[in-house]
Every structure is written in structure tokens, then in C-alpha cells.
Amino acid sequence: MVPFIFNLTDKKILVAGGGAEAESLLVKFLGHDPEIKVISPACTENIRLFHRFGRIELEERWAEENDVDSSCYFVFAVTGDAEVDAEVGAWARRAHVPVYVLNNPQISDFEPEKDEKNETGDFDRIKELLQTRRG
């Protein structure tokens, strides 16, 4: 894999999954002002806060194939269920959208950079992200 730096401002990012991995991605990306939609039947409290503060769109249901289309800049399949993640990955491939599938580099187009520390529990960073409303 070759490292790249992307300008995520106003780019549409779809995250299928609402657990710790999804939250970690949100903490990493929200400071770059993308348009993020999280689709998951359940999610962490911080993901709910991001939604409540207008930082993300949240739909509490399972992702469906029509959620993944060419308007997405990136798709992240991080549900924690390998079969569901692979299915979301297949939808992204059919839509020609770069996808990251959790724990499956064989079908991922890229891999997010791993942090030295886990930002998911970083309360100060989450608080900072909530204070800056999108739009």
C-alpha cells in the first residue's frame, strides 16, 4: 500500500457500524470536516453525541446496498461482523467506491493509519469536535 493524504472537507463518507472502531474513525476524521453518515442498528454514546451536535448523520438500522453509491468518497465497513462487512465491501466495489473492510485487507482498497494511542477514549478531543458544528 502507498500512503496518501486526502482533503476530506465536504467529502461524503459512509461508515457502516457504530462501535468502538467506528467511533475511533469519527474522532480521527471529524476535524477535517467531511460529511459523515453512520448507519448501524446500535452505536456508542459518543457517536450519538456527534449526531446530536450536528457533526454526523446517523441512521439506526442495518446498511443496505442502496446506501452505497458513487456519491460516497470512502466507505468504511466496521460492523464487527465479518460477513456483513464483506457484503458492504462488495457493494462499495460495485459502486466503484474505495472501501476499508475491518480486518480484511484482501478486499480493502486502503487501510486507515493506525494511531500510537487510542483516540476513542480521548475526552478532550471529543469535546473539541462537539464544539465545532458542521455547516
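What counts as what
Residues numbered from 1 in each chain as written. Predicted model: local features only at pLDDT ≥ 70, side-chain atom pairs only at ≥ 80, totals over all residues. Heavy atoms only, no water. Buried < 20%, exposed > 50% of the residue type's maximum accessible area, 1.4 Å probe, protein only. Helix = DSSP H or I, 4+ residues; strand = E, 2+ residues; numbered from the N terminus. Pairing = 2+ DSSP bridges. Axes fitted to C-alpha atoms, helices over the stretch in contact; angles between N-to-C directions. Contact = heavy atoms within 4.5 Å. Right-handed = clockwise from strand over helix to strand, strands pointing away.

**Q** Any chance you could explain helix H1 (residues 20-29) here in plain terms?
**A** Note: α-helices contain 3.6 residues per turn, so residues at a spacing of three or four share the same orientation. With eight of 10 residues buried, H1 is to be regarded as a mostly interior element. Along H1, the residues classified as buried are Ala22, Glu23, Ser24, Leu25, Leu26, Val27, Lys28 and Phe29.

**Q** How do you make sense of the sheet that holds strand S3 (residues 57-59) when you look at a structure like this?
**A** The pairing of strands in a sheet happens through backbone hydrogen bonds and is either parallel or antiparallel. Strand order in the open sheet formed by five strands is S3-S2-S1-S4-S5, and the pairing between neighbours is parallel. Unpaired on one side and paired on the other, S3 and strand S5 (99-101) mark the two borders of the sheet. In this sheet, neighbouring strand axes are inclined to one another by 15° on average, regardless of whether the strands run parallel or antiparallel. The sheet strands contacting H1 are strand S1 (12-16), strand S2 (35-39), strand S4 (74-77) and S5, and the helix crosses S2 at an angle near 175°.

**Q** Please explain the pairing of S2 as it appears in this structure.
**A** Each regular strand carries side chains that alternate between the two faces of the sheet. In this sheet, S2 lies alongside S1 in parallel orientation, the contact comprising five bridges. Its bridge partner lying in S2, Ala16 is registered against Ile39. With H1 bridging S1 and its parallel neighbour S2, the resulting β-α-β unit is right-handed. Where S2 and S3 come together, three bridges link them in parallel fashion.

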